[in-house]
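Residues per chain, in single letters:
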Amino acid sequence: TAAAPAFAPAAPVERVAVVTPETAPVAALQVIPCLRVASIAVSVSFYTIVLGFVTYGRQGPDQASLFRGPPGRPSSLSPATPGVHVQLRVPVAHTHVHPQMLWLLVSDVDAFFDDAAHKLEVAVAPSHGYFPAHTFGEARIVTRPQTMPWGTRECRIVDPDGHTWVITQVQR
């Protein structure tokens, strides 16, 4: 004969969620990615010159806070300012930069692409026939804007550390 189990399953308990001011759900406001980069100076130059971000807050040799929003800069910036925020950090010793992929939703992917491609070309062009004003490592345009089967229009740009930005626009 089989032995009886050593435990008896508990009877199901019906749980009813009661929402009160003390237990109301917390609103998620935004995600701020933190990208590991080899050089704050090179990355900040790329993000501000080519991608149109601005720096804000306290910057240092191992960290930077970047923002890009609608045209016209707000009078003050904080992580709560609506728009796109990115944190850049130099990794601690003996760790590597692992390239990430991020999607940036814009109102006009073709205009964004034209602007970024022009700025990248000008920034890395030889100055006075010698060295370029900026060197951006692995930074490059990967694809021109194209309409995707799922209904978005996208291009891809890689930053100096190999992070891929998928610049995307929802087609209407």
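Everything quoted here is computed from the prediction, not taken from an experiment. (Residues numbered from 1 in each chain as written. Predicted model: local features only at pLDDT ≥ 70, side-chain atom pairs only at ≥ 80, totals over all residues. Heavy atoms only, no water.)

## What about the pairing of strand 6 (residues 140-147)?
- Sheet analysis places strand 6 next to strand 7 (residues 152-158), joined by 5 bridges and oriented antiparallel. The residue bridging I141 from the neighbouring strand is I157, located in strand 7.
- What sits between strand 6 and strand 7 in their antiparallel hairpin is a turn of 4 residues, with G151 showing a positive phi close to 100°. (Pairing = 2+ DSSP bridges. Helix = DSSP H or I, 4+ residues; strand = E, 2+ residues; numbered from the N terminus.)

## Section: the pairing of strand 7
- With respect to burial, strand 7 is a largely interior element, 6 of its 7 residues being buried.
- In this structure, strand 7 lies alongside strand 8 (residues 164-170), joined through 7 bridges in antiparallel fashion. Note that in strand 8 the partner of R156 across the bridge is V166.
- Taking the residues that link successive antiparallel strands as the turn, the strand 7-strand 8 hairpin has 5 residues, and the phi of G162 there is positive, at about 90°. (Buried < 20%, exposed > 50% of the residue type's maximum accessible area, 1.4 Å probe, protein only.)

## Looking at the sheet that holds strand 4 (residues 84-89)
- What the 4 strands build is an open sheet, ordered 1-4-3-2; its pairing is mixed. Two strands bound the open sheet, and with one partner strand each, they are strand 1 (34-36) and strand 2 (54-60). Pairs of neighbouring strands in the sheet enclose a mean axial angle of 20°, with direction left out of account.
- The pairing of strand 3 (residues 63-68) with strand 4 spans 6 bridges and is classified as antiparallel. Bridge pairing in strand 4 links Q63 to R89. (Axes fitted to C-alpha atoms, helices over the stretch in contact; angles between N-to-C directions.)

## Structural notes on the side chain of T152
- Examined against the element boundaries, T152 turns out to sit in strand 7.
- At 2.8 Å, the side chain of T152 and the side chain of E154 are in polar contact.
- Apart from the residues lying within four places of it in its own chain, the contact partners of T152 are Q146, T147, T168, Q169 and Q171. (Polar contact = N/O pair within 3.5 Å; in protein donor to acceptor, adjacent residues only side chain to side chain. Contact = heavy atoms within 4.5 Å.)

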